[in-house]
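Read off the chains here:
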Amino acid sequence: RRQLDSNADGKFAAQEQDMITLVEEVVSGMVQHLKARHHTYPDDVWIVHDLVLMWMTEEEASRRMGTVWHDLDNYLKELFQQVLDFLRYTPLLRYAQPCGAVVQTVHMEEYQRAFRALDLRSLGVRYTAVLLEELGLLEDDPSFVEAAKAQLDIDHATL
């Protein structure tokens, strides 16, 4: 979330508040859409979820939007659980063996077909991080994280 400094007339603060209000309206519309059981493409949900997290923390979202935020978050959490279950229990992973055993083409085709049935391209920022953590792929070394942030700052400064 970008912090905007207010000038003498409070213009930037007002613009930021207008954006937050707009974000809240988008979330409310998405949740109404989900509850009405309209055909919503899962990508719509993670995009709206990420939009919220660009403008406020989860705690702020919970405080400001209450059950509307929780409904949106729970919908995405269910998609996350489907992906995690798929990765844990898919037949391809059942047949694959450690140390490079050959996976037959038929298994790969079954895996691709089953994954396509999930019909989503992303879980958004938060739940992708949770998935990576669940799979043991998230770097939790604080010095690595700090070095990566420092490198990003250097890279941004040279743009």
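Before reading on, note that the structure itself is shown above.
What counts as what
- Residues numbered from 1 in each chain as written.
- Predicted model: local features only at pLDDT ≥ 70, side-chain atom pairs only at ≥ 80, totals over all residues.
- Heavy atoms only, no water.
- Axes fitted to C-alpha atoms, helices over the stretch in contact; angles between N-to-C directions.
- Helix = DSSP H or I, 4+ residues; strand = E, 2+ residues; numbered from the N terminus.
- Parallel < 35°, antiparallel > 145°, perpendicular 65-115°, else oblique.
- Left-handed = near helix turned anticlockwise from the far one by under 90°.
- Contact = heavy atoms within 4.5 Å.
- Nonpolar A, V, L, I, M, F, W, Y, C, P; charged D, E, K, R; others polar.
- Phe/Tyr/Trp six-rings, centres within 6.5 Å; stacked < 30°, edge-to-face > 60°.
- Buried < 20%, exposed > 50% of the residue type's maximum accessible area, 1.4 Å probe, protein only.
- Salt bridge = Lys/Arg side-chain N within 4 Å of Asp/Glu carboxyl O.

**Student:** Any chance you could explain the packing of helix H4 (residues 67–89) against helix H7 (residues 124–134) here in plain terms?
**Tutor:** Their axes nearest at 10 Å, the elements H4 and H7 cross at an angle of 30°. Here H4 lies roughly parallel to H7, going by the angle between them. In terms of crossing hand, the pair formed by H4 and H7 is right-handed. Residues Asp73, Leu76, Lys77, Phe80, Val83, Leu84, Leu87 and Arg88 of H4 lie in contact with H7, whose contacting residues are Arg126, Tyr127, Val130, Leu131 and Glu134. Tallied by class, residues from the contact of H4 with H7 come to eight nonpolar, no polar and five charged.

**Student:** What exactly am I supposed to notice about the packing of aromatic side chains here?
**Tutor:** Any pair of aromatic rings gets described here by the distance separating the centres and the angle formed by the planes. Under the defined criterion, the tally for this structure stands at one aromatic pair. With a centroid separation of 5.7 Å and 35° between ring planes, the pair formed by phenylalanine 80 and tyrosine 127 is classed as tilted. Remark: tyrosine 127 occurs in helix H7 and phenylalanine 80 occurs in helix H4; sequence separation between them is 47 residues. Here phenylalanine 80 and tyrosine 127 have matching classes, each one buried.

**Student:** Help me understand the packing of helix H3 (residues 58–65) against H4, please; the structure alone is not making it clear to me.
**Tutor:** For any two helices packed against each other, one specifies the inter-axial angle together with the distance between the axes. Put simply, H3 and H4 touch, their axes get as near as 6 Å, and they point 130° apart. As far as their axial angle goes, H4 and H3 are oblique. In this structure, H3 contributes Glu58, Ala61, Ser62 and Met65 to the contact, and H4 contributes Thr67, Val68, Trp69, His70 and Asp73. Of the residues in the contact of H3 with H4, the class split is four nonpolar, three polar and two charged.

**Student:** What exactly am I supposed to notice about the pattern of salt bridges here?
**Tutor:** For side chains of opposite charge, pairing can occur when their charged atoms come near one another. Inspection of every chain in the model, using the stated rule, returns four salt bridges. We note a salt bridge from glutamate 24 to arginine 64, for which the minimum N-O separation is 2.5 Å. Of this pair, glutamate 24 sits in helix H1 (residues 11–35) while arginine 64 sits in helix H3, placing them 40 residues apart in sequence. The salt bridge involving aspartate 71 is made with lysine 35; its shortest N-O contact spans 2.9 Å.

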